[in-house]
Amino acid sequence: MKYTILIIFTILLLGACSFMPKSAPEEPDSIDVVEVYYQPVEGLTGDALKAGLHHLIRDHKYFPYFSDDIGAGEMMRDIDRDPDNPQNLILFYTGRSQNMQFADHGDNFDYMTEYGIPYDDSWNREHIWAKSHGFPAQSDTAHCDIHHLRPVDRSTNSAKGAKDFDWGGYPHEEAQGSFTDFDSWEPRDGIKGDVARMIFYMAVRYENKPDLEILEETGTSGPYYGRLSSLLEWNKLDPVDDRERARNNAIFEKYQGNRNPFIDHPEYATAIWGEPSSEPRIMPAAPYLRFGDMAIDGSYNDVLYVISGRNLDRELIVETPSGFLLSPAPDQLFESRITMYPVDGALNRPLYLRFMPNEKRVYEDSLKIMKGDDVLAILPIFGRGIDPATVTILEQGFNNREHDWKRESNASRNDWHLSSYDDRSFMKMSGYDADEPSDDWLISPLLKLDKYHDIVLQFETAKNHSDIIDGLEVMISTSYIPGEDPESVQWYHLPAKMSPGKYEWVHSGYLNLDRYREKNVHIAFRYRCTSTKKATSWELDDVKITGIPVQ
């Protein structure tokens, strides 16, 4: 009997317990959440891991670039704020803490009056994977992905531009600890890993439309970015920190709902792309060196240049051709060759190069960088030795809005205009997205050449995009009258070297104008395009005309 009673009591007790309110399950901590998030890719490597991660992070919530509610700027004001000063943002490349209200409002804003800072010190949005490399439209998801958007100083953003990431170059004055050259940017040590992990994220998240890929090179274009070896090195040299983790968590929990896998698991980078390349490489700071004109009277011109290298196992020899010398410092001996010694296989060495012509001619040769007898790199080097009596007739670098070149537009609302990039100012023309195909002229002031001989014109151009026509020609006229239609008079074509594209700056060569020396002339740059959607973009700079006065 007592056993029966015990059984009945036990049943009643269990039944009563079934009606008792259940306690809430324990919330897993953030580490558990991360572990669960990546369970589907456990054990995967290479392309399989890349594909698996893509499927994990691809379907995130979209936020627009600009919004009356929550856009990229509003998210930055939350996740990139200075924890020690909540009214400020931490600007990415410089590390500067700045009032988040001091934003870039464009040209028509008085920054000094309103903020007490110049326009260049306002902050704007930086695409760590440059938007021109695959997703220029604001409607593109990649354009608005906050995982690779950071607040930055405006002028630093301009200096970095669309350059790839790599070691070396000239020190950047404002972004202390950063270096830059013609095609790459090296961020300061404290954010090198952050940069690498954002680039890795983009290459995995956007496997198609656009299909972003990381290359083992710099000077990339289209949906590509580099350099892979440097990014893999940076991922190891600058480990994930608490601030990076907090940002990743905030994006996941409050906004997009996806994570950057390379912050949670930095080792995924080598599991997908392997170890960094150990091949020795040289990274010159510019694709060529052009010294311009120098009198053959013993004058000279020194230019600072930087040669960078990685994975170097012995000293390098730098050798200059005739007419050029080099030195490790401007106050030391200049010679035709010097030896550079890497430290721990790395090199970022400033050199001073000197052009000292002794003949009246164009010097066009190569500087060689050698390891023993092996030539690792060749750098084209140019200069022109001129008669000491040579004078400048016209020189225009388009460094400010005040210049006396005339703009004539025969078609379209788009005109020649001043522009700048990476501390270089120039005149620019593009017929893209105009109301009709463009026909625009940029015409020099009147040039009186009758008192000179050995008259030479030179300039530089850069081009991008494509059309069925080149789009730019340089001409000269002896009958043009300012204010009249330039098409109503005779123009003569001048055979100059022009940029092939990809915004590569190219020198025109030295165009002799002696056949026009008894005339008063105008020089013109005429731009045309056949379509408003496939129009070329042309940039013009450093127009110069020299001659020797007639005795």
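Everything that follows concerns the structure shown earlier in this document.
Residues numbered from 1 in each chain as written. Predicted model: local features only at pLDDT ≥ 70, side-chain atom pairs only at ≥ 80, totals over all residues. Heavy atoms only, no water.

Draft legend 1. View of the pairing of strand 18 (residues 347-355). Across nine bridges, the pairing between strand 14 (residues 301-310) and strand 18 is antiparallel. Residue pairing in the sheet places Ile307 in a bridge with Arg349 of strand 18. Bridge analysis of strand 16 (residues 324-327) against strand 18 gives four bridges, and the strand direction is antiparallel. Across the sheet, residue Phe324 finds its bridge partner in strand 18, namely Phe355. (Pairing = 2+ DSSP bridges. Helix = DSSP H or I, 4+ residues; strand = E, 2+ residues; numbered from the N terminus.)

Draft legend 2. Fine view of unusual backbone geometry. That bond from Lys209 to Pro210 is cis: its omega, -5°, falls within 30 degrees of zero. Here the amide bond leading from Gly226 into Arg227 is cis, since omega sits at 0°, within 30 degrees of zero. Here Arg227 lies in the loop between strand 11 (224-225) and helix 8 (228-237). In this structure, Lys209 takes a positive phi of about 50° despite not being glycine. Here Lys209 lies in the loop between helix 7 (192-205) and strand 10 (213-214). Judged by relative accessible area, Lys209 falls into the exposed class, the value being 82%. (Buried < 20%, exposed > 50% of the residue type's maximum accessible area, 1.4 Å probe, protein only.)

Draft legend 3. Fine view of the environment of Tyr224. Mapped onto the elements, Tyr224 comes out in strand 11. For Tyr224, a relative accessible area of 33% gives the class partly exposed. C-alpha separation for the pair Tyr224 and Ile214, spaced 10 residues apart in sequence, amounts to 5.7 Å. Apart from the residues lying within four places of it in its own chain, the contact partners of Tyr224 are Trp129, His133, Glu213 and Leu215. (Contact = heavy atoms within 4.5 Å.)

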